Amino acid sequence: MAGNDLGSLLGGLLGGSGGGAGSSGGAGNVLGALLGALAKGGQGGGNGSNPLGGLLDMLTKSGLTEEAQSWIGTGQNKPVTGEQVAQAIPDDTLQNVAEQAGVSPEQAADHIAQVLPQAVDKLTPEGRLPSGSLEDIIKAQKL
């Protein structure tokens, strides 16, 4: 699935609750581009069609275990900063995502930090990473 398509799905998912749909949709496109890049690059963990697990692994390895677990769990979502996101994601990946979105790498990291907690929270309603393709998981949450 193309990053823009994934971004549109994520933007719709995020735009439906709180905040302006414009800002959530734009940030959803950046997150979609990131997840699309991770899936293409084989950095999506064991399941290439669901790069969310690979992204969470990157965050965990960067010392953001507590934050990532808070998004998957059913309690309060802990925030992350754009700087923390930028440290967790490979530079070349973040650069590619920024180019696709037409923003600087710093802006891309800030957008991702803004929407990632909410996106992971919505995509893990049972307190665990669901199986299946990311596209199917997002569509199931929009019912």
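What counts, and at which threshold
Residues numbered from 1 in each chain as written. Predicted model: local features only at pLDDT ≥ 70, side-chain atom pairs only at ≥ 80, totals over all residues. Heavy atoms only, no water. Helix = DSSP H or I, 4+ residues; strand = E, 2+ residues; numbered from the N terminus. Contact = heavy atoms within 4.5 Å. Areas by Shrake-Rupley, 256 points an atom, 1.4 Å probe, with all protein chains shown as cover. Axes fitted to C-alpha atoms, helices over the stretch in contact; angles between N-to-C directions. Parallel < 35°, antiparallel > 145°, perpendicular 65-115°, else oblique. Left-handed = near helix turned anticlockwise from the far one by under 90°. Nonpolar A, V, L, I, M, F, W, Y, C, P; charged D, E, K, R; others polar. Salt bridge = Lys/Arg side-chain N within 4 Å of Asp/Glu carboxyl O. Buried < 20%, exposed > 50% of the residue type's maximum accessible area, 1.4 Å probe, protein only. pLDDT = per-residue confidence, 0-100.

With that settled, consider the overall build of the chain. Within the chain one finds eight helices and zero strands. Its helices and strands taken in sequence order, the chain reads α-α-α-α-α-α-α-α from the N to the C terminus. Here the contacts in the chain between residues at least 6 apart in sequence split such that 59% fall between residues at least 24 apart. Taken as a whole, the chain presents about 6,700 Å² of accessible surface, with 47% of it coming from carbon and sulfur.

What follows concerns the packing of helix H3 (residues 52-61) against helix H7 (residues 105-123). The relative placement of two packed helices is expressed as an angle between their axes plus a distance between the axes. With their axes 12 Å apart at the nearest point, H3 and H7 run at an angle of 130° to one another. Our classification of the angle between H3 and H7 gives oblique. Considering the relative orientation of H3 and H7, their crossing is left-handed. Every residue of H7 that contacts H3 at Leu52, Leu55, Leu56 and Leu59 is listed here: Leu116, Val120 and Leu123. Looking at the contact of H3 with H7, its residues break down into seven nonpolar, no polar and no charged.

For the rest of this paragraph, the subject is the pattern of salt bridges. Scanning the model with the defined rule gives two salt bridges in all. Lys78 is paired through a salt bridge with Glu66; the nearest N and O atoms lie 2.2 Å apart. You can see Lys78 sitting in the loop between helix H4 (65-72) and helix H5 (82-88) and its partner Glu66 sitting in helix H4, a full twelve residues away along the chain. The partly exposed category is assigned to Lys78, whose relative accessible area is 34%.

To continue, consider the confidence of the model for the chain. With 74% of its residues at a pLDDT of 70 or more, the chain shows a mean pLDDT of 79. Within the chain, no element has a lower average pLDDT than helix H1 (residues 3-15), which sits at 63, and none a higher one than H5, at 96. Taken together, the stretch residues 16-24 has pLDDT below 50 and engages in nine contacts with residues farther than four places along the chain or on a different chain. Of the regions scoring below 50 in pLDDT, residues 44-48 engages in seven contacts with residues more than four places distant in sequence or in other chains.

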